[in-house]
Amino acid sequence: TPIPTPVLTPGPTPLPTPTPTAVPTSVPTAEPTAAPTPKPGAVIPLTEKNIAIKASSGAAAVNPGGAKLAAVVGFDCEVQDIDLSSAQKLDWEFHPLGFGIGSSKQKYFFGAVISNLGIIVVFLGLNYLIAWAQVALFGVPLDTAIFYVRAPGLVYIPMMWLLMGTSISASNLAFFPSRAPAGVAIVGMVALVLCASFPVAMWRFLLRPNAFQATAVPDAKIDPEAAAIVAGFAGEDGAGAAKKVYTGWKRKAYILVFGREVWVRKEGSPDYFVEKYGLFFEQYRHHYHWFSLVEMAQIIIIALASAWKPSEGGMCTLRNVLITIVLLFFFLAIVVLRPYNSVLDMITATAMSGMMFLAVLLMAVAIGMGGNQGLMTWAGYLLLV
């Protein structure tokens, strides 16, 4: 006999079970909550500050030929290492490849202009060639590939190295057209215009306030507040971020070499702005990103003055005074403005510019005194440091 199925009679409707209220398991901290990681170079706002994500760029490269500029003042207004009366090879910092072009007295100046400009063009071309290879072989986005090779900013290094030699060689070609065929003088004039126009173009398209798209912010490696904000955007806890901040001797050494600030792009600016152009300004402090223009102007003015070879004693003295004044203003600009981010850069630049100024001052005074050998000896010691 089948067992009868029981009939369920409806009972009272149970009350809905209330959803338990979430109870915090820990006390909220001031650390920011995790957020999507922004694009490289983005600015993280914190009250009135900006905290950087990327690391510091490193110390500035000092123009290796800068100290040699102090040797342009000599007896009878001859430029040391450059004999304008006959064709002689130039020092390697003026002309790294060292070859001459043609058979005129200007052949080494001509060779320096052509080869120095060629080195810069080839260097820049190789940068973009490597970027293109990354795109073609590995499918890296073009902007990212250019960021990896830091183009075009990486060209700043050979450009600053060769600016002095190119300027002084171009000046000699332009100022003494009778020493070579007319075409050589024209090349010198064009090269001189290029040297002078480069800092102007940098200001117009990159460094002027309306065009500049970067800002300097505290470095998260030495600033706890910056480290906390960076940790929040990376989804890390504040305690872990605090452990990554350098303290003690590591902090002092980091500030000595890299400084306290790091450059990042402004919000709304093109991606990878700092990564592409940072080498033009990363070595300077906030508000002094334009100081590379001062360095270039100093090099070009002294190159022009050194190519000027007056025959009269009074004009020679005027030339020496002009070079001395330019070096004095450059030294004072470094001491007063303190434009470099790195403490090591500040020490190096102050010492080198000071010794250059003092050496040229001693040489100018020695020439005015009829060739005081003692002052010339001390000036020589300063140039050898």
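What you see is a predicted model, and the numbers here were worked out from it, not measured in a lab.

1. Looking at the overall build of the chain
- Looking only at helices and strands, the chain has twelve helices and four strands in total.
- When the 385 residues of the chain are sorted by exposure, 42% land in the buried category.
- For the chain, the proportion of contacts with a sequence separation of at least 24, taken over those separated by at least 6, is 70%.
- Only carbon and sulfur atoms are counted for the fraction: they give 68% of the accessible area of the chain, which is about 20,400 Å².

2. Overview of helix α1 (residues 107-138)
- Compared with an ideal rise of 1.5 Å per residue, which puts 32 residues at 46 Å, α1 spans 45 Å between its outermost C-alpha atoms and is within 8% of the ideal.
- Three or more residues of α1 are buried, namely Y108, F109, F110, G111, A112, V113, S115, N116, I120, N127, A131 and Q134.
- Close packing links the buried residues of α1 with α2 (142-149), α3 (156-175) and α4 (182-207).
- Looking one or two places after α1, you find G139, whose phi comes out positive at around 70 degrees.

3. A look at the packing of α1 against α2
- Orientation of α1 relative to α2, taken along the N-to-C sense of each, is 135 degrees, at an axis distance of 8 Å. Accordingly, the angle class assigned to the pair α1 and α2 is oblique. Helix-helix and strand crossings are classified by hand; for α1 and α2 the assignment is right-handed. Here N127, Y128, I130, A131, Q134 and V135 of α1 come into contact with α2, specifically with L142, A145, I146, Y148 and V149.
- When grouped by side-chain class, the residues that make up the contact of α1 with α2 number nine nonpolar, two polar and no charged.

4. Some thoughts on the confidence of the model for the chain
- This prediction gives the chain a mean pLDDT of 78; 74% of its residues lie at or above 70.
- In this model, residues 4-76 is a region of pLDDT below 50 whose contacts with residues beyond four sequence positions or in other chains number 129 contacts.
- A low-confidence stretch, residues 79-85 stays under pLDDT 50, and its non-local contacts, those more than four residues away or across chains, total 22 contacts.

5. Considerations on the pattern of salt bridges
- Inspection of the entire model under this criterion finds three salt bridges.
- In this structure, the salt-bridge partner of K276 is D143, at a minimum N-O distance of 3.5 Å. Of this pair, K276 sits in helix α8 (residues 273-277) while D143 sits in helix α2, and the two are 133 residues apart along the sequence.
- The exposure class of K276 is buried, given its relative accessible area of 14%.
- Take D143: its relative accessible area is 39%, and that puts it in the partly exposed class.

Calculation notes
Residues numbered from 1 in each chain as written. Predicted model: local features only at pLDDT ≥ 70, side-chain atom pairs only at ≥ 80, totals over all residues. Heavy atoms only, no water. Helix = DSSP H or I, 4+ residues; strand = E, 2+ residues; numbered from the N terminus. Buried < 20%, exposed > 50% of the residue type's maximum accessible area, 1.4 Å probe, protein only. Contact = heavy atoms within 4.5 Å. Areas by Shrake-Rupley, 256 points an atom, 1.4 Å probe, with all protein chains shown as cover. Expected span 1.5 Å × (residues − 1). Axes fitted to C-alpha atoms, helices over the stretch in contact; angles between N-to-C directions. Parallel < 35°, antiparallel > 145°, perpendicular 65-115°, else oblique. Left-handed = near helix turned anticlockwise from the far one by under 90°. Nonpolar A, V, L, I, M, F, W, Y, C, P; charged D, E, K, R; others polar. pLDDT = per-residue confidence, 0-100. Salt bridge = Lys/Arg side-chain N within 4 Å of Asp/Glu carboxyl O.

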